[in-house]
Amino acid sequence: MFVVQKNRLLYPEFKSLLNTYDIVCFTETKLDDCDVINCDEFIFSFKNRHKITSHRSGGIALGYRSAWINVLKLLIPNANLCIGFLLTKKVFDLDENIVFGIVYIPPVNTNYTSEEAFNEIDVEFQRFSQNSKYIVLLGDFNSRTANLSDFYDENSDDEFIVQHFTDQFDYTDVHILDNLKIPRERNSPDNVVNGFGRKLLDFCKSNKVFILNGRVGQDVNAKPTSRNNSVIDYIVCTSHFLQFVSNFEIGEFSKLFSDVHSPLSLHIDCQSLIKNNEIENHSVQQNMIGKWKMEKINEYRKNIDTDKVDCVISKLNTYNDKENISKNDMNNLVHEVSDILIDSAKLTFGTNVYAKTMLSNSKKQNNKQWYDKDCNKAKKELRKSQRLYKSMGQIFLKKDYDRVRYIIRK
């Protein structure tokens, strides 16, 4: 929360904050349109809950160094709960702009609570993604997610995913975490999950974005962002942006800046941005085994190479006791058993070949000749309708989903 009262702009702590960062974002500000923020070397822009009011609350503010005026552009807001801005692609020599959204979702059981909050943020995200794959959302989501997963894994058994997606890369980018050696599981000091938390997790899964809290930088050990050991403030980003995060941390709480929130700090590796843009895009071929089918269990057993099994058993018999076997020997035996089972699975369920992009700076291209811009647009509309239908399930949304799905099939 940011309060422009009692000449806080003159406080040395606030000046130190501005000297440390190039861009600062605030949520739950207590400003209205009559307020003016004058600060040396910094330009401030804000979105207020009310134009003029005696009770200021719930606003969003952005501050950035005046030297950035030609490369930082404010986006025309379409949502009440988000301010968007971009850093032009020439700053980091990228192929697309980097888009940021500062988010404030009011907590439950207040006069400003909105059940449509995440739908509003989702629509804004779709608007951002039309022009960029480098997207970052940050702020106060009032969402408690504990350490629940924020992505669909490759072998997801989610009924919606199974019915509507055949290519795993259409619904998950989790392999990017593996490539960057970022842990799939998040640490969190908060064990509570609330309704907004589940909506945030669904939002992340549907849009293939990842939570940085408890996973990246100095926050791998996870710190709370608010009172009662809770985590309600987040930075989430697309998989393409992850490679440029050099550090993320939760700062120390200060009553000067907030009533209950701790600040979040994000550092972007500019040199990495430039360097990675010069790296030629490349991909590797990866064989993915088909899904397990219970009706083929007997065939799977028959395809197990019994000669290799006998060989493993023979090796095991040579090790009489623990002292007779090394850790390396045991690892080799485990790999042999694993290979036997995998080979049988490949013969039984078949394999599919995927081109797995390694830290690519370009958008995924569909190599089918008939796949044009209209197809891409229709696909985005389908995914949007799928998300709304899955989360709300109303009749009119199902009709819209069926209509778009018919267009895709056509």
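This text follows the structure it describes.
Attention in this report is confined to the structure presented alongside it. (Residues numbered from 1 in each chain as written. Predicted model: local features only at pLDDT ≥ 70, side-chain atom pairs only at ≥ 80, totals over all residues. Heavy atoms only, no water.)

1. A few points about the environment of Lys133
Stated formally: Each helix is a run of H or I in the DSSP string that is no shorter than four residues. Each strand is a run of E no shorter than two, and both are numbered from the N terminus. Only protein chains enter the calculation, and the probe is 1.4 Å; a residue is then buried if its accessible area is under 20% of its type maximum, exposed if over 50%, and partly exposed in between. Polar contacts, as counted here, are pairs of nitrogen or oxygen atoms within 3.5 Å of one another; within protein the pair requires one atom able to donate a hydrogen and one able to accept it, and residues that are adjacent in sequence qualify only if both atoms are side-chain atoms.
Inspection of the secondary structure puts Lys133 in the loop between helix H2 (117-129) and strand S7 (134-140). For Lys133, a relative accessible area of 6% translates into the label buried. Once the C-alpha coordinates of Lys133 and Cys237 are considered, the two residues, 104 residues apart in sequence, prove to be 9.6 Å apart. At 2.8 Å, the side chain of Lys133 forms a polar contact with the side chain of Asp95.

2. Quick look at the nonpolar core
So the rule is basically this: For the purposes of this section, nonpolar cores are sets of buried Ala, Val, Leu, Ile, Met, Phe, Trp, Tyr and Cys residues that join through side-chain atoms within 4.5 Å. Should any heavy atoms of two residues lie within 4.5 Å, those residues are considered in contact.
Residues Leu212, Phe241 and Leu242 are the most contacted members of the largest nonpolar core, which totals 34 residues. Of all the secondary-structure elements, those providing two or more residues to this core are strand S3 (59-65), strand S5 (82-87), strand S6 (98-104), S7, helix H4 (174-179), strand S9 (233-238), helix H6 (239-242) and strand S10 (245-250). Considering every element that reaches this core, the biggest residue donor is S6, with 4 residues. Once you skip the residues sitting within four places of it in the chain, Leu212 turns out to touch Ile235, Cys237, Leu242, Val245, Phe248 and Leu266. Among the nonpolar cores identified, the runner-up in size contains 25 residues, and Ala117, Phe118, Ile211 and Val236 belong to it.

3. A few points about the packing of H2 against helix H5 (residues 195-207)
For clarity, the cut-off: Each axis is a line fitted through C-alpha atoms, taken for helices only over the stretch in contact, and angles between the N-to-C directions span 0 to 180 degrees. Angles are sorted into four bins: roughly parallel if under 35 degrees, roughly antiparallel if over 145, roughly perpendicular if 65 to 115, and oblique for all others. Two helices cross in a left-handed way if the nearer one is turned anticlockwise from the farther one by less than a right angle. They cross in a right-handed way if the turn is clockwise. For this classification, the nonpolar set comprises Ala, Val, Leu, Ile, Met, Phe, Trp, Tyr, Cys and Pro, the charged set comprises Asp, Glu, Lys and Arg, and every other residue, Gly included, is treated as polar.
For the pair H2 and H5, the least separation of the axes is 11 Å and the interaxial angle reads 20°. In terms of orientation, H2 lies roughly parallel with respect to H5. Handedness of the H2/H5 crossing: right-handed. Where H2 abuts H5, its residues Phe118, Ile121, Asp122, Phe125 and Gln126 lie against Phe196, Lys199, Leu200, Phe203 and Asn207. Residue composition of the contact of H2 with H5, grouped by class: 6 nonpolar, 2 polar and 2 charged.

4. Quick word on the sheet that holds strand S1 (residues 23-29)
Applicable threshold: Any two strands between which DSSP finds at least two bridges are classified as paired.
The 3 strands are arranged S1-S3-S2 in an open sheet whose pairing can be described as antiparallel. The open sheet is flanked by S1 and strand S2 (42-47), the only strands paired with a single partner. Pairs of neighbouring strands in the sheet enclose a mean axial angle of 15°, with direction left out of account. As judged from the 6 bridges shared by S1 and S3, these two strands associate in the antiparallel manner.

By themselves, these figures tell us nothing about what the structure is for.
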